[in-house]
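Inside the fold
One letter stands for each residue in the lines below.
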Amino acid sequence: MTRSQMLILVAAAGSAALLAGALAFQYLGGLAPCALCIWQRWPHLAAVLIGLVALKAGGRVLPVLGGLAALTSAAIGLFHVGVEQKWWEGLATCSAGSIEGISAADLLNPAADVAAVVRCDAIAWSLMGISMAGWNVIASVALAVLWLNAARKA
């Protein structure tokens, strides 16, 4: 295995681990994700898939795309941190309770299961004062560095 392939493997595995962690918090820990949390997951899924292809195909383009995917997740995470810290407004769909898409009959029916909107501006979990979105930014930037080093060594 070449140095570039090793870096690709570690970077793709890192994105897979972040996805597994997010799903564990959701399904085992009971922390429902907000819209921005979900958006941060998609670039990591793309990075995992890019990694699988890059291990077989080689070249510089795929590792660069993997790095861009990781940086995309970092950018979404940074926006999310800003919303959590009240540095700027978040999305209207997840910063306040929304009844969009709920029928009037369901709103008036006490037996209807109308799920509460998970707020993007509320920190559900943190470690050492850093929220999950903040940890995603840190990890995603580190993964992007790995990806770009893999591209440089290809």
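Thoughts on the packing of aromatic side chains
If you walk through the whole model with that rule in mind, you get three aromatic pairs. Ring centres 6.2 Å apart and planes at 15° place the aromatic pair Phe79 and Trp88 in the stacked group. Note on Trp88: relative accessible area 39%, which makes it partly exposed. Put simply, the rings of Phe79, Trp87 and Trp88 touch in pairs and so form one group of aromatic residues.

Quick word on the state of the cysteines
Per the stated rule, a full pass over the model turns up zero disulfides. Unpaired in this structure, Cys34 has its nearest cysteine sulfur neighbour in Cys120, at a distance of 3.2 Å. Left unpaired, Cys37 is separated from the closest cysteine sulfur, that of Cys34, by 3.4 Å.

What about the side chain of Ser131?
Examined against the element boundaries, Ser131 turns out to sit in strand β2 (residues 130-131). Looking at Ser131, its side chain comes within polar contact range of the side chain of Glu84, at 2.6 Å. Those residues in contact with Ser131, other than ones at most four positions away along the chain, are Val81, Glu84, Ile123, Trp125 and Ser126.

Thoughts on the environment of Glu89
By secondary structure assignment, the location of Glu89 is in the loop between α3 (61-84) and α4 (92-95). C-alpha of Glu89 to C-alpha of Asp121: the two residues are 32 residues apart in sequence and 8.5 Å apart in space. Not counting chain neighbours up to four residues away, the residues in contact with Glu89 comprise Phe79 and Val83.

What counts, and where the lines are drawn
Residues numbered from 1 in each chain as written. Predicted model: local features only at pLDDT ≥ 70, side-chain atom pairs only at ≥ 80, totals over all residues. Heavy atoms only, no water. Phe/Tyr/Trp six-rings, centres within 6.5 Å; stacked < 30°, edge-to-face > 60°. Buried < 20%, exposed > 50% of the residue type's maximum accessible area, 1.4 Å probe, protein only. Disulfide = S-S within 2.5 Å. Helix = DSSP H or I, 4+ residues; strand = E, 2+ residues; numbered from the N terminus. Polar contact = N/O pair within 3.5 Å; in protein donor to acceptor, adjacent residues only side chain to side chain. Contact = heavy atoms within 4.5 Å.

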